Amino acid sequence: MLFSNERVATFLNSTFEPVWESVRPVPIVRIDFGNGHALTRTLHGNIASYVCTADGLVLDVLPGIYTPEGYQDALQDLALLARQCQRRDSAARAALVRSYHERLAVALRNGQDSPRLSAMLAMVPVGKGRIERPVERVLAGKPAGEQPAVETPEDLARWEALVEDTRLNEKARRLVIHEHLARTGLAAPSALSRWLYREVLHADLDDPYLGLGKTLLASDPFAREQAGH
Amino acid sequence: MSRRMLYLVMAGLACAVGLMGRLGLQAADPSAASDLRKRAEENPTKLLVRGTTPASNPAVAPGKVRWHPSFAAAQAAAVRSGKPVLLFQMMGRLDQRFC
């Protein structure tokens, strides 16, 4: 699990004041094979990582799951954004964050990789090695810097799925988030979460079946008959 | 009748009364005895099911991150430390195995 990764946990503990919360119970599927074997999995679960100011306003959101290095890199940038915001009054902070989202949305719309925040803010120059962060390497189709030991084809498939998820999150999903936050400005997580889960993560929290109703129930040939009873 | 004989007769009567009372109870509520038998039969099955198909989502440690107990607590800590808040939102619970 991401938070069992020593490096990620140390980074989070030293850089943020972390808290987790549940938005709803996760669907769990249990398949009993009838021979004493049973399989338990979660279904359609999803996550979001908000970086917020001390007064509870969202600076940015990382949607979904990331590779450990991709997660750390993306959060490093957001920690930098947070430090820049601390030095500004509320009006200047709002303007900075809006500009940040607008610029990143433009970059992603143009098919570019997300530029490093340090470059955007004209901070102390960042070395080339640091610029070629693992997530950008992933986006460019190069292997991510940190890859766990892959012992089975299933491990490889899971790692490749995680890399692909990171790519999707950094490209398509972040674009939707940047466009939305550029429009709405600073807001509390409670004002964003339902929109985020519905529009970005495609898991409508107000739908008891999380959008899976048609898929799960439509193929039941006896559904109408049973509904009549 | 000697005192010893009287004592033995009284003890015997007491046992007989107790036994008859138990029989009477079973006659009045046969399910009481059958409940005992049913429980004895079902317990091994329940133990087997508990072992193979978890009925609940067992608790686990939520990783190695030092999580604040609430968003408000994280905000208060952020005011003191100057660090931003990281709110990790999810379906399910981070302190459960299936999440």
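The numbers attached to residues start from 1 for each chain and follow its sequence in the written order. Naming scheme: in the order in which they are written, chains are lettered from A and ligands are numbered from 1. Reporting in this predicted model follows two pLDDT cut-offs: at least 70 for local features of residues, and 80 or more for side-chain atom pairs to be given and counted; totals over whole chains, interfaces and linings ignore these cut-offs and use all residues. Think of the side-chain values as coming from all heavy atoms in the structure, minus any hydrogens and water.

Moving on, we get to the packing of helix 1 (residues 6-15) of chain A against helix 2 (residues 68-86) of chain A. Residue and element names in this part refer to chain A. Orientation is described by lines fitted to C-alpha atoms, with helices fitted over the stretch in contact, and by angles between N-to-C directions that extend from 0 to 180 degrees. In DSSP terms, a helix is any run of H or I states spanning at least four residues, a strand is any run of E spanning at least two, and both are numbered starting from the N terminus. Closest axis-to-axis distance for the helix 1/helix 2 pair is 10 Å, and the angle between their directions is 15°. In terms of axis orientation, helix 1 runs roughly parallel to helix 2. Considering the relative orientation of helix 1 and helix 2, their crossing is left-handed. Contacts between helix 1 and helix 2 involve R7, V8, F11, L12 and T15 from the first element and P68, E69, Y71, Q72, L75, Q76 and A79 from the second. Put simply, Ala, Val, Leu, Ile, Met, Phe, Trp, Tyr, Cys and Pro go in the nonpolar bin, Asp, Glu, Lys and Arg in the charged bin, and everything else, Gly too, in the polar bin. Residues of the contact of helix 1 with helix 2, tallied by class, amount to 7 nonpolar, 3 polar and 2 charged. Small angles under 35 degrees read as roughly parallel and large ones over 145 as roughly antiparallel, with 65 to 115 read as roughly perpendicular and the rest as oblique. Take the far helix as your reference; a near helix turned counterclockwise from it by less than a right angle gives a left-handed crossing, and one turned clockwise gives a right-handed crossing. For this analysis, residues touch if any pair of their heavy atoms sits within 4.5 Å.

Our focus in this paragraph is the interface of chain B and chain A. On the chain A side, the residues contacting the 39 residues of chain B number 49 residues. A 1.4 Å probe defines the accessible area here, and the buried area is the portion of it lost by two parts on being joined, summed over both. When chain B packs against chain A, close to 4,000 Å² is buried across both sides, 62% of that on carbon and sulfur atoms. Of all residues in chain B, the largest losses of buried area upon contact with chain A belong to B:L86, B:Q89 and B:M91, amounting jointly to 23% of the total for that side. When a carboxyl oxygen of Asp or Glu lies within 4 Å of a side-chain nitrogen of Lys or Arg, that pair is called a salt bridge. At the surface where chain B touches chain A, the tally comes to 1 salt bridge. Residue B:K64 pairs with A:E6 through a salt bridge whose shortest N-O separation is 2.9 Å. Polar contact is the term for a pair of N or O atoms within 3.5 Å; when the atoms are in protein, one must be able to donate a hydrogen and the other to accept it, and sequence-neighboring residues count only if both atoms are side-chain atoms. Where chain B packs against chain A, one counts 27 residue pairs in polar contact (both at pLDDT 80 or more). Those elements giving two or more residues to the side of chain B that touches chain A turn out to be helix 3 (71-81) and strand 1 (85-91) of chain B. Here the residues of the side of chain B that touches chain A are counted per class, giving 22 nonpolar, 12 polar and 5 charged. Whether two strands pair comes down to DSSP finding at least two bridges between them. Across 6 bridges, strand 4 (residues 47-52) of chain A lies against strand 1 of chain B in antiparallel orientation. Bridge pairing in strand 1 of chain B places A:V51 opposite B:L86.

With that out of the way, let us pick up unusual backbone geometry. Of note, the phi angle at A:H202 is positive, near 55°, even though the residue is not glycine. Looking at where A:H202 falls in the secondary structure, it is placed in the loop between helix 8 (189-200) and helix 9 (213-217).

A word on the sheet that holds strand 5 (residues 58-63) of chain A. One key point about sheets: their strands pair by backbone hydrogen bonds, in either a parallel or an antiparallel sense. Spatially, 1(A)-1(B)-4(A)-5(A) is the arrangement adopted by the 4 strands of the open sheet, whose pairing is mixed. Strands at the two margins of the open sheet, each flanked by one partner only, are strand 1 (17-24) and strand 5 of chain A. Sheet twist, expressed as the mean angle between neighbouring strand axes with direction ignored, is 20°.

Ring pairs are drawn from Phe, Tyr and Trp, using the six-membered ring of Trp, whenever the two centres fall within 6.5 Å, and their geometry is named by plane angle: stacked under 30 degrees, edge-to-face over 60, tilted for the rest. Applying the stated criterion across every chain, the model contains 6 aromatic pairs over all chains. Judged by centre distance (6.0 Å) and plane angle (80°), the ring pair of A:F11 and A:F16 falls under edge-to-face. Note on exposure labels: buried denotes an accessible area under 20% of the residue type's maximum, exposed denotes more than 50%, and partly exposed covers the range between, all computed with a 1.4 Å probe on protein chains only. On the accessibility criterion, A:F11 (8% relative accessible area) is buried. Exposure remark for A:F16: the relative accessible area of 1% places this residue in the buried category. Plain terms: the ring middles of B:W67 and B:F88 are 6.3 Å apart, the flat faces sit at 35° to each other, and that makes the pair tilted. With B:W67 in the loop between helix 2 (30-52) and helix 3 and B:F88 in strand 1, this residue pair connects regions lying 21 residues apart in the sequence. Of the two residues, B:W67 and B:F88, neither departs from the other in class, the shared state being buried.

Residues and elements named next belong to chain A. Scanning the entire structure with this criterion turns up 8 salt bridges over all chains. Between D55 and R93 there is a salt bridge, with its nearest N and O atoms 3.2 Å apart. Taken together, the residues span a long stretch of sequence, with D55 in the loop between strand 4 and strand 5 and R93 in helix 3 (residues 90-109) at a distance of 38 residues. A relative accessible area of 46% means that D55 is categorised as partly exposed. Put simply, D60 and R174 hold a salt bridge, and the shortest N to O gap is 2.6 Å. With D60 in strand 5 and R174 in helix 7 (residues 153-184), this pair connects stretches of sequence that are 114 residues apart. Classification of R174 as buried rests on a relative accessible area of 6%.

It is worth spelling out helix 8 of chain A at this point. All names here are of chain A. The terminal C-alpha atoms of helix 8, which comprises 12 residues, lie only 14 Å apart, well short of the 16 Å expected from a rise of 1.5 Å per residue. Among the residues of helix 8, those classed as buried are P189, L192, S193, W195, L196, Y197 and V200. At the exit of helix 8 stands H202, carrying a positive phi of roughly 55°. To estimate how far a helix should extend, the number of its residues minus one is multiplied by 1.5 Å.

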